[in-house]
Amino acid sequence: DDFPTLSIPESFPTLLNGYSESPQFTHYIVGFKATIDHIFLSEQSKTSTLRPLYHAPMPSVEEVTRHKAMPSVNFPSDHISLVCDLEWAPI
């Protein structure tokens with residue numbers, strides 16, 4: 001792919017994915033599909049942690065391409081909304 005790379009300084013906290021696995025795509029237009037949207041969480045601090053509990057289901061390729069691509073009647077944006085429930089818990 002022709003995406004630029006991203007370099008994060010070592011001082012930046014480790015990031016965790018809000019989804020149990022990265023979606024197959026979050027952007028789907030004619031000639032291009034990719035996962036370009038994310039939910040990131042910082043790893044736990046010394047006093048608390050934020051962790052994902054559940055995430056909204058992602059549409060299938062068949063659902064998205066029913067009207068060729070996005071945006072469409074069923075998907076009014078060219079990006080899929082990512083949604084997850086998080087739990088804030090003291091350590």
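Residues numbered from 1 in each chain as written. Predicted model: local features only at pLDDT ≥ 70, side-chain atom pairs only at ≥ 80, totals over all residues. Heavy atoms only, no water.

A. Representation of the environment of His-79 within the structure. Relative to the helices and strands, His-79 is located in the loop between helix H1 (61–65) and strand E6 (84–90). His-79 gets classed as partly exposed once you look at its relative accessible area, which sits at 30%. If we skip the residues at most four places from it in the chain, His-79 touches Thr-26, His-27, Ile-36, Asp-37 and Met-70. A polar side-chain atom of His-79 sits 2.7 Å from a polar atom in the side chain of Asp-37. (Helix = DSSP H or I, 4+ residues; strand = E, 2+ residues; numbered from the N terminus. Buried < 20%, exposed > 50% of the residue type's maximum accessible area, 1.4 Å probe, protein only. Contact = heavy atoms within 4.5 Å. Polar contact = N/O pair within 3.5 Å; in protein donor to acceptor, adjacent residues only side chain to side chain.)

B. Here's a closer look at the side chain of Thr-49. By the secondary structure assignment, Thr-49 is in strand E5 (residues 48–55). Not counting the four nearest positions on each side in its chain, Thr-49 is found in contact with Gln-44, Glu-87, Trp-88, Ala-89 and Ile-91.

C. Examining the packing of aromatic side chains more closely. Within the structure shown, the criterion is met by 1 aromatic pair. Centroid distance Phe-25 to Tyr-28: 5.2 Å. Interplanar angle 75 degrees. Geometry classified as edge-to-face. (Phe/Tyr/Trp six-rings, centres within 6.5 Å; stacked < 30°, edge-to-face > 60°.)

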